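Fold and geometry: a report
Here is what each chain is made of, one letter per residue.
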Amino acid sequence: MDINSVLKKISEFVWGSGLIFLLLSTGLIYTIKLGFIQFRFIPYLIKSRKKGKSKDGGGISQLKTVCMSLGTAMGTGNITGVASALAIGGAGAIFWMWVSAFFGMALVYSENYLAITYRRSDECSGPMAYLKYGLGSKILPVVFAIFCLAAALGMGGMVQVSSFTDSLYECSSIKPAAAAVIIFAVIYFVIKGGVGRISSAAQALLPAITITYLIISFLVIFKFRSNVPSAIGKIFTEAFSFTSAAGGISGFAVSKAVSAGIRRGIFSNEAGLGSSPILHCASENDSPALQGMWSAFEVFFDTVVCCTITALVLLTSTDSTDFSVSDSFGTILGGRTDLFLTISMAVFAFCTIIGWYYCGETAFKYLFSNSKTKIFCLLFAAFSSLGAVLTLETVWTLSDIFNGLMSVPNLLGLLLLINKVKKE
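How each quantity is defined
- Residues numbered from 1 in each chain as written.
- Predicted model: local features only at pLDDT ≥ 70, side-chain atom pairs only at ≥ 80, totals over all residues.
- Heavy atoms only, no water.
- Core = buried A, V, L, I, M, F, W, Y, C linked by side-chain atoms within 4.5 Å.
- Buried < 20%, exposed > 50% of the residue type's maximum accessible area, 1.4 Å probe, protein only.
- Helix = DSSP H or I, 4+ residues; strand = E, 2+ residues; numbered from the N terminus.
- Contact = heavy atoms within 4.5 Å.
- Patch = residues over 30% accessible without salt bridge, like charges linked within 9 Å, V, L, I, M, F, W, Y side chains within 5 Å.
- Areas by Shrake-Rupley, 256 points an atom, 1.4 Å probe, with all protein chains shown as cover.
- Salt bridge = Lys/Arg side-chain N within 4 Å of Asp/Glu carboxyl O.
- Phe/Tyr/Trp six-rings, centres within 6.5 Å; stacked < 30°, edge-to-face > 60°.
- Lys NZ or Arg CZ within 6 Å of the ring centre and 35° of its normal.

1. Some details on the nonpolar core
Residues I187, I191 and F380 are the most contacted members of the largest nonpolar core, which totals 84 residues. Of all the elements, helix α8 (residues 140–171) adds the most residues to this core, at twelve residues. With residues near it in sequence (within four places) discarded, I191 still touches I198, I354, Y357, C377, F380 and A381. With 48 residues, the next largest nonpolar core counts A83, F224, I235 and L314 among its residues.

2. Topic: a nonpolar patch on the surface
Where nonpolar side chains cluster on the molecular surface, the patch consists of L28, I32, F36 and F39 and spans about 430 Å² of accessible area. Considering the arrangement of structural elements, one finds F36 in the loop between α2 (17–33) and α3 (41–47). Judged by its relative accessible area of 40%, F36 falls in the partly exposed class.

3. Brief notes about the packing of aromatic side chains
Counting across every chain of the model gives 20 aromatic pairs. A ring pair is formed by F39 and F102, whose centres lie 5.7 Å apart and whose planes are at 55 degrees; its orientation type is tilted. With a gap of 63 residues between them, F39 in the loop between α2 and α3 and F102 in helix α6 (residues 92–118) connect regions that are remote in the sequence. Through a chain of ring-to-ring contacts, three or more aromatic side chains come together here, namely Y357, F364, F368, F376 and F380. Positioned over the ring face of F189 is R197, at 4.6 Å from the centre of the ring. Its end group placed over the ring of F222, R225 keeps NZ or CZ at 4.2 Å from the ring centre.

The values are spatial; any link to function lies outside them.
Given below as structure tokens:
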């Protein structure tokens, strides 16, 4: 058995029914405790635009915080991940993505609430802060920081570059080595400027490309608007379809839909993994409830809005099970499709990369020292650029493993600190 086979079995074990049950059950517990907070975050945000105060050390604006946090979630998975979920679990997988997002909103509220409550410094923030100061544990924050650092180098860097360059090579003649050098230079230039430059880049890039992507998506859906009712119907019927085939076969199909939808939903919005509270701790606003509500909005926008729109694009524009975003967008953009998708993938991937760098840097500071972050900056840019020249099946699998392992100490902290999270 080769190394890839071993790693895949480990990944399947880590992301097995146990972790998914832990994520959903923790989300359910917090949903009940917080009085179904998912239905109140929009009115709260409208009424609380000036709520909170600036932390003594400054920080970045709320808009930059949201853009930076959304950037880590809205990576290439919002495009390719949805197509993958549909291919694996059918249209019913989208329903279970909604389920994961619903409970994920309560999860991400609670982890951000705790992170702001127990934040002591930029060197100890996010889950590391509430695991250390809330639980009083010395081991759990170190374990989380190690897994976070590994996930940042893999999922946050190399994997995102690999996903983007795959589409780049299809529509250009650029050589992988040249792409790696350019990518290294761009990433290093942005991340060496710290959280200020990272958040400014996310604010400049993410809203523009997101709006453009959504406009093109709506045009595709409008063109095939007659198929929208049947597409929505498939999402619900295939999520619970026990009558479309014999018992065992249909049960297996539903099982695949549940697994694919929930896993892809978690990958998309990262609720419960611990990355969001690290990013929200950089905000100038120190209201725990406000940061929690903004993070809930991010999960809603990322999964319920953006991923659903991508799913409708795919479901309305084709009758086959071979879902292709390129083919769907081609019905509107024609020969410009590959260029548009390459640019979209590049921007989404870049926002994910720089956001995950900040997560990795925060973990690095906790494990080592603030004076050595220049070393990590170079290391992260170099690792990321390798995604342009290497085949990354092993890195993908390792990233999945570390992403899953990040959630274990984080969820343990959330469950043990449940009485510290308040409904305001």
